Amino acid sequence: MAKHTFSTLETFLIFLLVMMTAITVSLLSLLFITNGTIENHKGKYSGFPATQSPPATQGSTSPQGSTLTQGPTVSQVSPVTSTPQPPLFQNFTGYHIGVGRADCTGQVADINLMGYSKSGQNARGLLTRLYSRAFIMAEPDGLNRMVFVSIDIGMVSQRMRLEVLNRLQSKYGSLYRRDNVILSGTHTHSGPAGYFQYTVFVIASEGFSNRTFEHMVTGIMQSIEIAHTNMKPGKLFINKGNVDGAQINRSPSSYLQNPESERARYSSNTDKEMVVLKMVDLGGNDLGLISWFAIHPVSMNNSNHLVNSDNMGYASYLFEQEKNKGYLPGQGPFVAAFASSNLGDVSPNILGPHCINTGESCDNANSTCPIGGSTMCIAMGPGQDMLDSTQIIGRMVYQGAKELYASASQEVIGPLISAHQWVNMTNVTVSLNSTHTAKTCKPALGYSFAAGTIDGCGTFNFTQGTTVSDPFWDTIRDQILGRPSDEIKECHKPKPVLVHTGELSKPHPWHPDIVDVQIITLGSFAIAAIPGEFTTMSGRRFREAIKAEFATYGMQNMTVVISGLCNVYTHYITTYEEYQVQRYEAASTIYGPHTLSAYIQLYKVLAKAIATDTVANLSRGPEPPFFKDLINPLIPNIVDRPPIGKKFGDVLQQANPTYRLGEVVEITFVGANPKNSAENRTHQTFLTVEKYEDISATWHIVHNDASWETRFYWHKGFLGLSNATIQWHIPNTAQPGIYRIRYFGHNRKQDFLKPAVIISFESTSSAFEVVTT
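Described in the following lines is the structure provided in the data block. (Residues numbered from 1 in each chain as written. Predicted model: local features only at pLDDT ≥ 70, side-chain atom pairs only at ≥ 80, totals over all residues. Heavy atoms only, no water.)

Some thoughts on the nonpolar core
Then comes step 1: Counting residues in hydrophobic clusters, the biggest one holds 80 residues, and the most contacted among them are Met160, Tyr176, Tyr195, Ile224, Val665, Trp728 and Phe768.
Then comes step 2: Every residue in contact with Met160, bar those within four places of it in the chain, is listed here: Ile153, Tyr195, Phe213, Met216, Val217 and Ile220.
Then comes step 3: Among the nonpolar cores identified, the runner-up in size contains 37 residues, and Leu445, Phe542, Val560 and Leu596 belong to it. (Core = buried A, V, L, I, M, F, W, Y, C linked by side-chain atoms within 4.5 Å. Buried < 20%, exposed > 50% of the residue type's maximum accessible area, 1.4 Å probe, protein only. Contact = heavy atoms within 4.5 Å.)

Here we look at the pattern of salt bridges
Then comes step 1: Throughout the structure, instances matching the rule amount to 35 salt bridges.
Then comes step 2: For Glu585, the salt bridge goes to Arg250, with nearest N and O atoms at 2.9 Å. Separated by 335 residues along the polypeptide, Glu585 in helix H13 (residues 584-587) and Arg250 in the loop between strand S9 (248-249) and helix H5 (252-255) bring together distant segments of the chain. The burial state of Glu585 is the same as that of Arg250; both residues are buried.
Then comes step 3: The salt bridge partner of Asp486 is Lys489, with a shortest N-O separation of 3.9 Å. Of this pair, Asp486 and Lys489 both sit in helix H10 (residues 486-492), three residues apart, which is roughly one turn of that helix.
Then comes step 4: Given the relative accessible area of 33%, Lys489 is considered partly exposed.
Then comes step 5: One connected set of salt bridges, linked through shared partners, spans Arg101, Arg133, Asp152 and Glu320. (Salt bridge = Lys/Arg side-chain N within 4 Å of Asp/Glu carboxyl O. Helix = DSSP H or I, 4+ residues; strand = E, 2+ residues; numbered from the N terminus.)

Points about the state of the cysteines
Then comes step 1: Counted under the stated rule, the structure contains three disulfides.
Then comes step 2: Disulfide pairing places Cys355 opposite Cys369 at an S-S distance of 2.2 Å. An S-S torsion of about -110 degrees defines the bridge between Cys355 and Cys369 as left-handed. Within this pair, whereas Cys355 is found in strand S14 (residues 352-355), its partner Cys369 is found in the loop between S14 and strand S15 (377-380), the two being separated by 14 residues in sequence. (Disulfide = S-S within 2.5 Å.)

Here's the deal with the pairing of strand S2 (residues 109-114)
On a regular strand, each side chain points to the face opposite its neighbour's, so the side chains alternate between the two faces of the sheet.
Then comes step 1: In terms of burial, S2 is a largely internal element, six of the six residues being buried.
Then comes step 2: Both S2 and strand S3 (residues 122-126) contribute to a ladder of two bridges, which runs antiparallel. The partner of Ala109 across the bridge, within S3, is Arg124.
Then comes step 3: Where S2 meets strand S7 (residues 191-192), two bridges bridge the pair, whose relative direction is antiparallel. Bridging across to S7, Met114 finds its partner in Gly191. (Pairing = 2+ DSSP bridges.)

Some thoughts on a nonpolar patch on the surface
Then comes step 1: A surface patch of nonpolar side chains, about 290 Å² in accessible area, is lined by Leu351, Ile356 and Met380.
Then comes step 2: Examined against the element boundaries, Leu351 turns out to sit in the loop between strand S13 (346-347) and S14. (Patch = residues over 30% accessible without salt bridge, like charges linked within 9 Å, V, L, I, M, F, W, Y side chains within 5 Å. Areas by Shrake-Rupley, 256 points an atom, 1.4 Å probe, with all protein chains shown as cover.)

Observations regarding the sheet that holds strand S17 (residues 416-424)
Then comes step 1: The strand order S17-S24-S25-S27 describes an open sheet built from four strands, whose pairing is mixed. At either margin of the open sheet sits one strand with a lone partner, and together these are S17 and strand S27 (559-563). Adjacent strand axes in the sheet meet at a mean angle of 15 degrees, parallel and antiparallel pairs treated alike.
Then comes step 2: Taken strand by strand, helix H11 (residues 536-552) contacts strand S24 (514-522), strand S25 (525-529) and S27, and its axis lies near 140 degrees from that of S27. (Axes fitted to C-alpha atoms, helices over the stretch in contact; angles between N-to-C directions.)

Notes on helix H7 (residues 310-323)
Then comes step 1: The terminal C-alpha atoms of H7 lie 20 Å apart, and with 14 residues this matches the ideal 20 Å at 1.5 Å per residue to within 8%.
Then comes step 2: Among the 14 residues of H7, eleven are classified as buried, and the element is accordingly described as predominantly covered.
Then comes step 3: Next to the buried residues of H7 lie strand S1 (95-103), strand S4 (131-138), strand S11 (286-292), strand S12 (335-339) and helix H8 (386-407). (Expected span 1.5 Å × (residues − 1).)

Some details on the environment of Ile520
Then comes step 1: Position of Ile520 relative to the elements: it lies in strand S24.
Then comes step 2: The class of Ile520 is buried, set by a relative accessible area of 0%.
Then comes step 3: A C-alpha to C-alpha distance of 8.1 Å links Ile520 and Asp179, two positions 341 residues apart in sequence.

A look at the packing of aromatic side chains
Then comes step 1: Using the criterion set out here, one finds 36 aromatic pairs in the structure.
Then comes step 2: Relative to Phe768, the ring of Tyr739 has its centre 6.3 Å away and its plane inclined at 20 degrees; by these criteria the two rings are stacked. Separated by 29 residues along the polypeptide, Tyr739 in strand S36 (residues 737-749) and Phe768 in strand S38 (residues 768-771) bring together distant segments of the chain. Each of the two residues, Tyr739 as well as Phe768, counts as buried.
Then comes step 3: Joined through ring pairs, the aromatic side chains of Phe648, Phe669, Phe686, Phe712, Tyr743 and Phe761 make up one cluster.
Then comes step 4: One Lys or Arg, Arg178, reaches over the ring of Trp422 and ends 5.4 Å from the middle of that ring.
Then comes step 5: Above the ring of Tyr405, the side-chain terminus of Lys278 is found at 4.7 Å from the ring centroid. (Phe/Tyr/Trp six-rings, centres within 6.5 Å; stacked < 30°, edge-to-face > 60°. Lys NZ or Arg CZ within 6 Å of the ring centre and 35° of its normal.)

Bear in mind that shape data such as this cannot, by itself, settle questions of function.
Now the structure itself:
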């Protein structure tokens, strides 16, 4: 065929056609983007997040639980692609408010639970899901804003915060930054470990789990994104009041070391005051709340193997179920966070410590029993078992918050200001008075750290209150880790150094040197983000000092709340006097006897900068590291296998034909490792309880695995074999009728010389009837 050549006119016409096509595509793209922005803006004012469909309600036939999206599997810096900010309505008094909730459970098997540092306390199923709850507040023009995230995890790790900040910068540019984002852990001791970078915590976690880390970070990001999308004009109110009967001081002998004149100013050796921040839109419709209350979420003890959010999570569960009528747990527009505060020496096990072998009290300075020593001295909660205690304490906290929320009338008004610095806590010079100074220390853990507490004792027979070292343990330490320097031993006195973590750097530093100090103020309300656990008196001194510093520079009558376990974890902070007797909390004050004084001094700098409008002059401080090549989990990934002649999901133990209210339905299936579900998120729940509706001839979900009425147990066998048992504890409020239980799982499959794949499956029990008599 002869080659065709184009004339000059033809070439020009073709060029013109191409250009017109390009312009048309550009205009259509612009129209699409504009329409998308308008739709997102409309979505802010609807009952559901614009980024997700309305959640499944109790009338839904969809087997949905909490909303999950699959996140990236590697951590790396992304190019900044700032998300356009929808225009905000500015002509009002108050703040733009956005709330969001997302699942951050991670894996629920083959991983240690974080909190007790007990070897063998690995996850074997699920009691409740863990959630990230995000709250965004912004001034009417939208420029000055803050993010507060309360997460159902043991504590926030530095690696987690750095990764979240990186992803926020990639998505939103400079809108959300290190100074205006607070990440706070509720301190449940029943969440998965494995998301840390410092060696002490990696050892306690038995490795770094990128699977769980990614799941948690993705959940945090998703909750912030939902809150960002749902921002609307609203108002904030605060209220304060006492919650009695929910806590005891677990180190009363340490508390008594504080000056008598100081103790005389308080009626209790724990902080009973709860502070509630209430959020409503301009029409008075409820949006959410944050509650700060000092209590350890350790109602679930160290014999527990089910992932759950403990007593503070149960308080959130009750409040959200109350406000989100008709929604399944973890769903609905109202978000309630019960955040941690100065809980360092505060226990929910209100019956106090007793020797479990004799029944006598062991409320002594060393928490020891005549027979069995410290390992026999355990504090008990008010319930018949730990689940009952969790619900009793959680209900007390919820009830207190409910009453304060209902009567909240003090409106929060004024500018929003955030201040933050990174500080090297190993070398802070502290001014004790006009003539004397002291310094903080390189991190170290004392002997009493290994003793544990009355909420969860240590493995060996260490005792609290130890102020002298033991040649036996010193020799073992010296042989394995090397000898601590005279400098670190002298700096930490009277703490006998058990592990000199500040002098250990292989494979990575064992404890953080660089920590975050941060305050955010909304008018006369200040949130101090603390990277650890203040004891009761430490918190009281801190609040008083920061409030006085604000007042010195013109900000009178400030309400200062302590938000604990924020941004990076540095264990405990006792008073100087409490440090002298070296119970668990003091032995875990890793920067030495002047740690509290150092924090007060550092946060006073932030308070002064806020009050004098000089935040811009604050130094950024030394940026913390982000380590790579962390220790892999000790438990390997293996292929799941069903028994011969069976397939995944086959029912091994069926339901009975009939059950009464208050009884327990228990069904066992051929299972697969639940940690697979943290990789492939095809299913958003491990189970559903469904009721048959005659009128519509459909099955309606009444419970998912976030419900406190359900239990998901995983029983690990050999060579990839396992079973899954689902329980439904039928509540007295259940309606009579026909029910069934469904199981959703994922199995790992790997063919010869091929990469492993995760495959979803599901199964359904036989139908059974629930009757009232």
